[in-house]
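What follows is each chain in one-letter form.
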Amino acid sequence: MASLTIRNVRKVYPNGAEVLKGINLDIEDGQFIILVGGSGCGKSTLLNMIAGLESVTDGKILIGDKVVNDVPPKSRDIAMVFQSYALYPTMTVRQNIAFGLGIRKVPKDEQKRIVDRVAETLQMTHLLDRKPALLSGGQRQRVAMGRAIARDPALFLFDEPLSNLDAKLRVEVRAEIKLMHQRLGTTIVYVTHDQIEAMTLGDRIAVMKDGVVQQYGSPQEIYDQPQNLFVAGFIGSPSMNFLKGKLVAHAGGAAFELIHEGAVTPLPLPANLLQSAALMARVGHEVILGIRPEHVTDAASARDHAASGNYQATEVACTVELVEPTGPDTMVFVWFNQTRATCRTHPGAHAAPGAAIMLAFDLSKAVLFDPVTEERIA
């Protein structure tokens, strides 16, 4: 195992395109780190630079305490798992897993011991004598992972390994990867554009946009306290609602002016937000209120689930535009401040398009942003 340190790393191509703009990350020994972002944000380029497949324009990459900028890939003690399985079709699972060991001239009895251990770790002992054509997509990806594990590297790199799998297999293989990390404790850097994978797999997440790390923290920290509008909108499914309005003085504190159906309703800010001097300095100015769908729900359910005597949500009467049942929840779409908002309600609310519904806002979970800088107001 090894730590990974990335210091002021830039990547500029000969045509002048700057893909990475000074990346700084500290990854501790044994951590599972996710690089997440949309297409073209630079996450795969960064992974390839860690692997040695791309050169570093400026900055340093250290594996352990060793600078590896000029170290060839084969000497970096890493293993990489790609989108494609790259298995040898004429070889059995056992032979595919052992292939790299044979190249390194590991004795046959040692190869068998390693392959058996890897197969047991990934729960595929019963597959060892099959060839890839007889395996499902998820099983093939497990074999690719097994081949990487057999090398016993200091660092695992995963480049969107689940993108070729269907939804059900993605969930299954995602669990296998997390279990593998729990059993081995090896440092993992994992690239994905899927924020669900990012939230469920990683110890820490680096959210990237345009070659810059927008925020680096634990999944819950990024979900609850996003640094800017991009992070807030990218992480979470359904994504966070953003409502434009004004912060006004109200009853000795402050309130967000919510405009809906031609009316203005003040949403009083709770005590945890009023303690912010930076936020109170914005009274009288435009702000963007960010609130997640689960914090705007049908008032009846909110009252039922609130602690006794501790119900502080603000209720607003609305008209339902669209309904999406999902089984355990029903997504309801309404309009606020000329913006469509998503609300997570209980199926028992019996919401229907065109019907009236009373929604409860839990503003203790709200985040406010500066409409000019798009940064969170601390």
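Residues numbered from 1 in each chain as written. Predicted model: local features only at pLDDT ≥ 70, side-chain atom pairs only at ≥ 80, totals over all residues. Heavy atoms only, no water.

A closer look at the overall build of the protein
Definition in use: Strands are runs of DSSP state E lasting at least two residues, helices are runs of H or I lasting at least four, and both sets are numbered from the N terminus onward. The cut-offs for exposure are 20% and 50% of the maximum accessible area for each residue type, with area from a 1.4 Å probe on protein chains only; residues under the lower value are buried, those over the upper are exposed, and the others partly exposed. Contacts are residue-level and defined by heavy atoms, with any inter-residue pair within 4.5 Å sufficient. Here Asp and Glu are counted as negative and Lys and Arg as positive; His is not counted, and neither are the chain ends. Taken as the charge centre is NZ of Lys, CZ of Arg, CG of Asp or CD of Glu, depending on the residue.
Scanning the protein from N- to C-terminus turns up 11 helices and 21 strands. With respect to the three principal axes, the spread of C-alpha positions in the protein is 75 × 45 × 40 Å. Evaluated residue by residue, the protein yields a buried proportion of 48% over its 378 residues. Of all intrachain contacts in the protein linking residues separated by at least 6 positions in sequence, the fraction that spans at least 24 positions is 66%. Placing the 38 positive and 40 negative side-chain charges of the protein at their respective mean positions leaves the two points 8 Å apart.

Some words on unusual backbone geometry
Ser237 connects to Pro238 through a cis peptide bond whose omega is -5°. Despite not being glycine, Lys105 has its phi angle at roughly 60°, a positive value. Tracing the sequence through the fold places Lys105 in the loop between helix 2 (93-103) and helix 3 (108-121). With a phi angle near 50°, Ala251 is a residue other than glycine that sits in the positive phi range. Position of Ala251 relative to the elements: it lies in the loop between strand 11 (241-250) and strand 12 (253-260). Given the relative accessible area of 80%, Ala251 is considered exposed.

What to know about the sheet that holds strand 5 (residues 66-67)
Heads up, the condition is: Note: two strands are recorded as paired if DSSP finds a minimum of 2 bridges between them. Inter-axis angles, ranging from 0 to 180 degrees, are taken between N-to-C directions of lines fitted to C-alpha atoms, where helices are fitted over the stretch in contact.
What the four strands build is an open sheet, ordered 2-1-4-5; its pairing is antiparallel. Of all the strands in the sheet, the pair left with one neighbour each is strand 2 (18-27) and strand 5. Bridge analysis of strand 4 (residues 58-63) against strand 5 gives two bridges, and the strand direction is antiparallel. Bridge assignment links Ile63 to a residue of strand 5, and that residue is Lys66. Contacts from helix 1 (residues 43-51) reach strand 1 (4-12), strand 2 and strand 4 within the one sheet, and its direction differs from that of strand 1 by about 115°.

Quick look at the nonpolar core
Rule in force here: By convention a nonpolar core is built from buried Ala, Val, Leu, Ile, Met, Phe, Trp, Tyr and Cys residues, the set being connected through side-chain atoms within 4.5 Å.
Counting 46 residues, the largest nonpolar core has Ile34, Val36, Ile97, Met145, Phe158, Ile177 and Tyr190 as its most contacted members. Ranked by the residues each element gives to this core, the list is headed by helix 4 (residues 137-150), at six residues. Grouped together as the second largest cluster of nonpolar side chains are 32 residues, Val71, Met80, Ala154 and Ala206 included.

Notes on the packing of aromatic side chains
Two aromatic rings are characterised by how far apart their centres lie and by the angle between their planes. Going by this rule: Pairing of aromatic rings covers Phe, Tyr and Trp, the last counted by its six-membered ring, and requires centre-to-centre distances within 6.5 Å; plane angles under 30 degrees mean stacked, over 60 mean edge-to-face, and any other angle means tilted.
According to the stated counting rule, one finds seven aromatic pairs in the structure shown. An angle of 40° between the planes, with centres 6.2 Å apart, marks the rings of Phe156 and Phe158 as tilted. Centroid distance Phe230 to Phe234: 5.5 Å. Interplanar angle 25°. Geometry classified as stacked. Here Phe230 and its partner Phe234 are both found in helix 8 (residues 229-234), four residues apart, which amounts to about one turn of the helix. Overall, Phe230 belongs to the partly exposed group, its relative accessible area being 23%.

Focus: helix 3
The following threshold applies: What a helix is expected to span follows from its residue count: subtract one and scale by 1.5 Å. Directions drawn from the helix axis to the C-beta atoms are what define this arc.
An ideal rise of 1.5 Å per residue puts 20 Å on 14 residues; helix 3 measures up with 20 Å between its terminal C-alpha atoms. Those residues of helix 3 that sit buried are Gln111, Ile114, Val115, Val118, Ala119 and Thr121. All buried residues of helix 3 fall inside an arc of 155° around its axis, so they share one side. Projecting away from the buried face of helix 3 at angles above 90 degrees are the exposed residues Asp109 and Glu120. Within two residues after helix 3, Gln123 carries a phi angle of roughly 55°, on the positive side.

A few points about the pattern of salt bridges
The following threshold applies: Criterion for a salt bridge: a side-chain nitrogen of Lys or Arg within 4 Å of a carboxyl oxygen of Asp or Glu.
Summed over the entire model, instances satisfying the criterion amount to 13 salt bridges. A salt bridge links Glu54 to Lys11; the nearest nitrogen and oxygen atoms lie 3.5 Å apart. With a gap of 43 residues between them, Glu54 in the loop between helix 1 and strand 4 and Lys11 in strand 1 connect regions that are remote in the sequence. A salt bridge links Glu172 to Lys168; its shortest N-O distance comes to 2.6 Å. Placement of the pair is Glu172 and Lys168 together in helix 5 (residues 167-184), with a separation of four residues, close to one helical turn. Owing to a relative accessible area of 37%, Glu172 belongs among the partly exposed residues under this scheme. What makes Lys168 exposed here is its relative accessible area of 58%.

Quick look at helix 5
Along its 18 residues, helix 5 runs 26 Å from first to last C-alpha, staying within 8% of the 26 Å computed at 1.5 Å per residue. Turning to helix 5, its buried residues number three or more, namely Leu169, Val173, Arg174, Glu176, Ile177, Met180 and His181. On an axial view of helix 5, the arc spanned by its buried residues comes to 160°, and they lie on one face. Turned more than 90 degrees away from the buried face of helix 5, the exposed residues are Lys168 and Gln182. Residues of helix 5 that are buried make contact with strand 3 (32-36), helix 4, strand 7 (155-159), strand 8 (187-192) and helix 6 (195-201).

Details of the sheet that holds strand 18 (residues 330-336)
Within the open sheet, the three strands sit side by side as 17-18-19. Their pairing is antiparallel. With partners counted over all chains shown, the strands left at the sheet margins are strand 17 (322-325) and strand 19 (339-345), one partner each. Averaged over all pairs of adjacent strands, the angle between strand axes in this sheet comes to 25°, irrespective of strand direction. In terms of strand pairing, strand 17 meets strand 18 through four bridges, oriented antiparallel. Directly across from Leu322, in strand 18, lies its bridge partner Phe333.

Purely geometric numbers; function is a separate question.
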